[in-house]
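What follows is each chain in one-letter form.
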Amino acid sequence: MRYDRDGFPIPPEFDVPVVFADGGNAGQQPASARRRAGSGKRLFIAAVIAGLVMPTLLAPVVMPLIRDAVVVWSLEQATLHEVQDDLPTAVTHMSRAIDWHGQDPELLCMRAMLRLENRDAAGAIADAEKAAQEMPTSPMPARVQALAHVVAGEPDAAVEAAALAVRLSGPGDAEALNHRAYIRALVGRDLSEALADVDAALAVRDDEPVEFLDTRGFILHLLGRQQEAIDQLNLAIDGMQRQRRQALLLVERVDRVQLARRLRWFEHSLAVMHHHRALACQAIGLDGQAEQDFETARTKGFDPSRGVM
């Protein structure tokens, strides 16, 4: 039991009034004290409202900025680790970009290619299938699927995916025709039709892309036309080396990581071309040149299990 200053018991529902120096109590507070108390309550309420309302108001503005920053940083990190040949880490960063951005078909295809090079053909196929579901009219997922099926040892699925890419690209698309020709060559199917595909592609692209020349040279080798194959592959290798030299001239004007990624692509392309020429030289009895080309291909990263083939 508590008592007031006069000794009377204080009922439980009451409290002791606060006595101020001037003899007043809490029920008769000075105006300045009442203003301070009211001001403090208003500040507290305002802080609570700001804590509850401001995030709701700012989220639509701030979150897209945060999301874009995470995606951009993740893509940069994926590229950096790709050029360092740290493919598992590159896949991890690409996965974060996809998680934050959403199931974007282009990002899924990029991760599929990283997974393929990391010897995960099944993962690459799964990513390409997701990309196709997101954008069923795009030929890009079908092209990735075709290459992944080749690595996975599934020739029927590879040829079917390459044919789908041609249909989705529309009639006369040079890149799609060259792609189907190369997939057919990789699995050893329909070689006459493959040669017709690449010839049609070259007819559309009168600048004779070096990738098309390489495809044609490889198919000619498989058809037993070795000297013609070597002639085409010589042109392809010379053209690719020229493009590589031109890229190096831009070293002071482009992003270093992107340049390194481009040079890595040149190296892998040259690895494939040298391997193809080695096969043709070996078939025609030019063993010295064949061995030299095989060694160059190995040095530059030729590896069918990683999709460099």
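Before any of the text, the structure's been laid out above.
Residues numbered from 1 in each chain as written. Predicted model: local features only at pLDDT ≥ 70, side-chain atom pairs only at ≥ 80, totals over all residues. Heavy atoms only, no water.

Looking at unusual backbone geometry
Positive phi values are uncommon outside glycine, yet Asp 85 reaches one of about 65°. In this model, Arg 119 sits at a positive phi of 65°, which is unusual for a non-glycine residue. Within the secondary structure, Arg 119 is located in the loop between helix H3 (105–117) and helix H4 (121–134). (Helix = DSSP H or I, 4+ residues; strand = E, 2+ residues; numbered from the N terminus.)

A word on the nonpolar core
With 66 residues, the main nonpolar core has Val 198 and Ile 219 as its most contacted residues. When residues of this core are assigned to their parent elements, the largest contribution, ten residues, is made by helix H11 (residues 256–284). Those residues in contact with Val 198 that sit more than four places away from it in its chain are Asn 178, Ala 181, Phe 212, Thr 215, Arg 216 and Ile 219. (Core = buried A, V, L, I, M, F, W, Y, C linked by side-chain atoms within 4.5 Å. Buried < 20%, exposed > 50% of the residue type's maximum accessible area, 1.4 Å probe, protein only. Contact = heavy atoms within 4.5 Å.)

Details of the pattern of salt bridges
Evaluation of the coordinates by the stated rule reveals 25 salt bridges. Two residues, Arg 115 and Asp 127, come together in a salt bridge whose shortest N-O distance is 2.9 Å. Placement of Arg 115 in helix H3 and of Asp 127 in helix H4 is noted, with a sequence separation of twelve residues between them. The class of Asp 127 is buried, set by a relative accessible area of 0%. What you see here is one network of salt bridges that share partners, running through Glu 82, Asp 85, Glu 117, Arg 261, Arg 264 and Arg 306. (Salt bridge = Lys/Arg side-chain N within 4 Å of Asp/Glu carboxyl O.)

Describing the side chain of Asn 178
Tracing the chain through its elements places Asn 178 in helix H7 (residues 174–187). Take Asn 178: its relative accessible area is 9%, and that puts it in the buried class.

A look at a nonpolar patch on the surface
Taken together, the side chains of Met 63, Ile 66 and Trp 100 define a hydrophobic patch exposed on the protein surface, amounting to about 270 Å² of accessible area. Inspection of the secondary structure puts Met 63 in helix H1 (residues 31–83). (Patch = residues over 30% accessible without salt bridge, like charges linked within 9 Å, V, L, I, M, F, W, Y side chains within 5 Å. Areas by Shrake-Rupley, 256 points an atom, 1.4 Å probe, with all protein chains shown as cover.)

Concerning the environment of Ser 305
Position of Ser 305 relative to the elements: it lies in the segment after helix H12 (287–299). Each C-alpha atom, one on Ser 305 and one on Leu 116, is 8.2 Å from the other, the two residues being 189 residues apart in sequence. A polar atom in the side chain of Ser 305 sits 3.0 Å from the side chain of Arg 119. There is a polar contact of 2.6 Å between the side chain of Ser 305 and the side chain of Asp 303. (Polar contact = N/O pair within 3.5 Å; in protein donor to acceptor, adjacent residues only side chain to side chain.)

Section: the packing of helix H9 (residues 210–222) against helix H10 (residues 226–248)
Contact geometry for H9 and H10: axes closest at 8 Å, N-to-C directions at 155°. Judged by the angle between their axes, H9 and H10 are roughly antiparallel. Relative to H10, H9 is oriented so that their crossing is left-handed. Here Val 210, Leu 213, Asp 214, Arg 216, Gly 217, Phe 218, Leu 220 and His 221 of H9 come into contact with H10, specifically with Gln 226, Glu 228, Ala 229, Gln 232, Leu 233, Leu 235, Ala 236, Gly 239, Met 240 and Gln 243. Of the residues belonging to the contact of H9 with H10, the class tally is nine nonpolar, six polar and three charged. (Axes fitted to C-alpha atoms, helices over the stretch in contact; angles between N-to-C directions. Parallel < 35°, antiparallel > 145°, perpendicular 65-115°, else oblique. Left-handed = near helix turned anticlockwise from the far one by under 90°. Nonpolar A, V, L, I, M, F, W, Y, C, P; charged D, E, K, R; others polar.)

Here's the deal with the side chain of Asp 214
With respect to the helices and strands, Asp 214 occurs in helix H9. Apart from residues no more than four positions distant in its own chain, Asp 214 is found in contact with Tyr 182, Leu 233, Ala 236, Val 272, Met 273 and His 276.

Some words on the environment of Val 257
Structurally, Val 257 can be placed in helix H11. What makes Val 257 partly exposed here is its relative accessible area of 27%. Every residue in contact with Val 257, bar those within four places of it in the chain, is listed here: Thr 79, Leu 80 and Val 83.

Observations regarding the packing of H9 against H11
At their nearest, the axes of H9 and H11 sit 10 Å apart, and the two run at 25° to each other. In terms of axis orientation, H9 runs roughly parallel to H11. The crossing of H9 and H11 is left-handed. Together, Val 210, Glu 211, Asp 214, Phe 218 and His 221 of H9 and Trp 265, Val 272, Met 273, His 276, Leu 279, Ala 280 and Ala 283 of H11 make up the contact between the two elements. Classifying every residue of the contact of H9 with H11 by side-chain character gives eight nonpolar, two polar and two charged.

A look at H9
Taking 1.5 Å per residue, 13 residues should reach 18 Å; H9 reaches 18 Å between its end C-alpha atoms and fits that length. Within H9, eleven of the 13 residues are buried, which leaves the element mostly enclosed by the surrounding structure. When H9 is considered as a whole, its buried residues turn out to be Val 210, Phe 212, Leu 213, Asp 214, Thr 215, Arg 216, Gly 217, Phe 218, Ile 219, Leu 220 and His 221. Tucked into the core, H9 has its buried residues touching H7, helix H8 (191–204), H10 and H11. Phi turns positive, to about 85°, at Gly 224, one or two residues after H9. (Expected span 1.5 Å × (residues − 1).)

Considering the packing of aromatic side chains
If you walk through the whole model with that rule in mind, you get two aromatic pairs. Between the aromatic rings of Tyr 182 and Phe 218, the centroid separation amounts to 6.0 Å while the plane-to-plane angle is 55°, which identifies the pairing as tilted. Taken together, the positions of Tyr 182 in helix H7 and Phe 218 in helix H9 put the pair 36 residues apart, joining distant regions of the chain. Residues Tyr 182 and Phe 218 agree in their burial class; the two are buried. (Phe/Tyr/Trp six-rings, centres within 6.5 Å; stacked < 30°, edge-to-face > 60°.)

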